[in-house]
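Listed here are the chains, written in short residue letters.
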Amino acid sequence: PNMTVINPADAKEAQEALKAAVDYEGPVYIRLGRAEVPDIHDDSYQFQWGKGEILREGSDVGIIATGIMAAKALEAADALEAKGIHARVINIHTLKPLDEELVIETAKMTGHIVTCEEHSVIGGLGSAVSEVLVRHCPVKQDFIGVNDCFGQSGKPAELLEKYGLTVAAIVKAAETK
């Protein structure tokens, strides 16, 4: 109860979330991965509690990502753009509380949501988004994440590939409207 859950997309977002957490009243969990990720934020970035971030505008499909999958979502949007599909890419750094307003707005705009997370599809971003959609704006939703299975240890890039957490998987899900 009352736990705030943060999953930063890159080093700058992690740095800003940590600064914000110092002054926050209440428990905060910041999930950090071990894999190196590309920077998607510059020095002007300012962290906002509970507010998702529009990384790219588009109206054909909404790709809602968290953590290291935000960079992959942007790569997927580039690949989709080359095919004439305009993806709106959302970075959800705050999983709890979730920016429900932005999720609903994106669902209404696109009619199709693809959630992307380096986490189980059960009890993570995909589940949280689907709860919002079912209550406020039922649309097609696809899940990119770890299916209900035991995880393995290994090199991050190999594990991402093994569990289907790839740009190709995002593109394929986004194309199936």
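See above for the structure.
Residues numbered from 1 in each chain as written. Predicted model: local features only at pLDDT ≥ 70, side-chain atom pairs only at ≥ 80, totals over all residues. Heavy atoms only, no water.

A.B. asks: Account for the environment of Gly-123, naming residues and giving values.
C.D. replies: Looking at the secondary structure, you find Gly-123 in the loop between strand 7 (112-120) and helix 4 (125-136). Take Gly-123: its relative accessible area is 62%, and that puts it in the exposed class. Between the C-alpha atom of Gly-123 and that of Glu-16, which follows or precedes it by 107 residues, the distance is 25 Å. (Helix = DSSP H or I, 4+ residues; strand = E, 2+ residues; numbered from the N terminus. Buried < 20%, exposed > 50% of the residue type's maximum accessible area, 1.4 Å probe, protein only.)

A.B. asks: Can you lay out the environment of Leu-74 for me, pointing to particular residues and giving the numbers?
C.D. replies: Checked against the element boundaries, Leu-74 lands in helix 2 (residues 69-82). A relative accessible area of 16% places Leu-74 in the buried class. Taking the C-alpha atoms as reference points, Leu-74 and Arg-56, 18 residues apart in sequence, are found 7.7 Å from one another. When neighbours within four sequence positions are excluded, Leu-74 is seen to be in contact with Ile-40, Leu-55, Arg-56 and Val-89. (Contact = heavy atoms within 4.5 Å.)

A.B. asks: Pulling in residues and values, what's your account of helix 1 (residues 11-23)?
C.D. replies: The end-to-end C-alpha distance of helix 1 is 19 Å, a good match for the 18 Å that 13 residues give at a rise of 1.5 Å each. For helix 1, the set of buried residues is Lys-12, Glu-13, Ala-14, Glu-16, Ala-17, Ala-20 and Ala-21. Tucked inside the fold, the buried residues of helix 1 contact strand 1 (4-6), strand 2 (28-30), strand 3 (53-56) and strand 5 (87-91). For helix 1, the N-terminal capping position is held by Asp-10, with its side-chain oxygen 3.4 Å away from the main-chain nitrogen of Lys-12. (Expected span 1.5 Å × (residues − 1). Polar contact = N/O pair within 3.5 Å; in protein donor to acceptor, adjacent residues only side chain to side chain.)

A.B. asks: Can you explain the pairing of strand 4 (residues 61-65)? Please cite residues and give values.
C.D. replies: Burial analysis of strand 4 places five of its five residues in the buried class, which makes it a mostly covered element. Because side chains alternate across strand 4, one face comprises the buried residues Val-61, Ile-63 and Ala-65, and the other comprises Gly-62 and Ile-64, equally buried. As judged from the five bridges shared by strand 4 and strand 5, these two strands associate in the parallel manner. Within the sheet, the bridge partner assigned to Val-61 lies in strand 5 and is Ala-87. Where the polypeptide runs from strand 4 across helix 2 and back to strand 5, its parallel neighbour, the crossover connection is right-handed. Examined bridge by bridge, strand 4 and strand 7 share four bridges and lie parallel to one another. When the bridges of strand 7 are listed, Ala-65 appears paired with Cys-116. (Pairing = 2+ DSSP bridges. Right-handed = clockwise from strand over helix to strand, strands pointing away.)

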